[in-house]
Amino acid sequence: MRKPMIAGNWKLHKTVSEALELVKDVQKNVADVQDVEIVVAPVFTALYPVAAELKGSNIAVSSQDVYWEEQGPFTGEVVPGMLKDVGCTHAIIGHSERRQYFGETEETVNKKVKAALAAGLTPIMCVGETLEQRESGDTMNVVAAQVRGGLEGLSNDDVAKIVIAYEPVWAIGTGKTATPDQAQDVHKSIRDLVAEIASADVADGIRILYGGSVKPENVDELMGQPDLDGALVGGAALKSDSFTRLVKFEK
Ligand code: PEP
């Protein structure tokens with residue numbers, strides 16, 4: 001059985017004190033939840049205090065990006081070992097905003113996934129098509145190329161450790177959500193592709209999250225789809241009440 005994951009991507013929001021206020025509240029609300037893996041991804045500056053606050057709790061901490069070198073002259077970058085050092089266990093990699101604004105490519109995503117795995121971080125690898133690509137019928141070609149590129153050269157054991165997040169670009173931060181059927185179609189195709197790239201067992205166990213305007217009003221229906229194993233959430237993760245409701249989704 002795949003344990004569902006609800007992950008909050010805070011993007012470029014929240015100072016340290018705001019971040020602590022939010023996680024303290026979430027922590028109180030979800031303390032009784034055991035059957036869902038809960039993850040929050042604050043900005044780099046808040047990772048250490050948030051991870052310290054959440055130590056021993058049922059909420060894990062993720063970075064929003066990572067670099068692939070170990071150390072050296074790479075101004076501005078942060079590497080997996082440093083993220084582990086401050087208490088991170090997960091790393092979001094290849095978010096569409098990084099692909100769109102910061103030149104992320106299949107190749108850099110692949111290097112980051114490998115570096116994160118080597119350090120023992122769980123990569124949450126994001127894929128997804130733009131509206132133009134969807135309208136021209138290219139969704140699965142685009143998503144398949146991103147999945148293949150991101151997983152290139154990985155052993156089956158390593159593929160099994162990854163979480164994939166399907167996030168249609170046209171649904172991120174727009175209020176437009178993929179319908180449960182649209183999401184299910186792509187999730188099923190991604191799972192079939194993982195079976196082809198790795199094995200049927202790996203495909204069966206890998207978690208595929210949906211992201212794109214997930215909110216309390218639509219989470220239950222989305223989570224009712226057989227191949228949706230959780231959600232990667234932006235806007236609705238910034239408030240304790242809505243994030244809590246997502247964690248406590250009902251199928
Ligand atoms: C995201 O940032 O990954 C995301 C899905 O954002 P939102 O939930 O705001 O659409």
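In this text the structure is predicted, and so the values were computed from the model without any measurement. (Residues numbered from 1 in each chain as written. Predicted model: local features only at pLDDT ≥ 70, side-chain atom pairs only at ≥ 80, totals over all residues. Heavy atoms only, no water.)

1. Remarks on the overall build of the chain
A count of helical and extended segments in the chain gives 12 helices and 8 strands. When the backbone C-alpha atoms are referred to their principal axes, the chain occupies close to 45 × 45 × 35 Å. For the chain, contacts bridging at least 24 residues in sequence account for 73% of all contacts bridging at least 6. Element-wise, carbon and sulfur atoms account for 49% of the exposed surface of the chain, whose accessible area totals about 11,300 Å². (Helix = DSSP H or I, 4+ residues; strand = E, 2+ residues; numbered from the N terminus. Contact = heavy atoms within 4.5 Å. Areas by Shrake-Rupley, 256 points an atom, 1.4 Å probe, with all protein chains shown as cover.)

2. As for the side chain of Asn-218
In this structure, Asn-218 sits in the loop between strand E7 (207-211) and helix H11 (219-223). Beyond its immediate stretch of four places on either side in the chain, Asn-218 contacts Thr-177 and Ser-213.

3. Notes on the site of the ligand
Lining the immediate environment of the ligand, one finds 14 residues, of which Lys-11, Glu-167, Gly-173, Ser-213 and Gly-234 sit closest. The contact in question runs from an oxygen atom of the ligand to an N or O atom on the side chain of Glu-167, over 2.6 Å. (Near = heavy atom within 4 Å. Polar contact = N/O pair within 3.5 Å; in protein donor to acceptor, adjacent residues only side chain to side chain.)

4. Side note on the packing of aromatic side chains
All chains considered together, the criterion is met by 4 aromatic pairs. Relative to Phe-74, the ring of Tyr-67 lies with its centre 5.4 Å away and its plane at 50 degrees, an arrangement referred to as tilted. Since its relative accessible area comes to 29%, Phe-74 is described here as partly exposed. Measuring from centroid to centroid gives 6.4 Å for Tyr-101 and Phe-102, while their planes differ by 90 degrees, and the two rings are edge-to-face. The exposure classification of Tyr-101 matches that of Phe-102, with both residues exposed. Linked through ring pairs, Tyr-67, Trp-68 and Phe-74 together constitute an aromatic cluster. Between the NZ or CZ atom of Arg-98 and the centre of the ring of Phe-102, over which it lies, the distance is 4.1 Å. (Phe/Tyr/Trp six-rings, centres within 6.5 Å; stacked < 30°, edge-to-face > 60°. Buried < 20%, exposed > 50% of the residue type's maximum accessible area, 1.4 Å probe, protein only. Lys NZ or Arg CZ within 6 Å of the ring centre and 35° of its normal.)

Keep in mind these numbers describe shape, not what the thing actually does.
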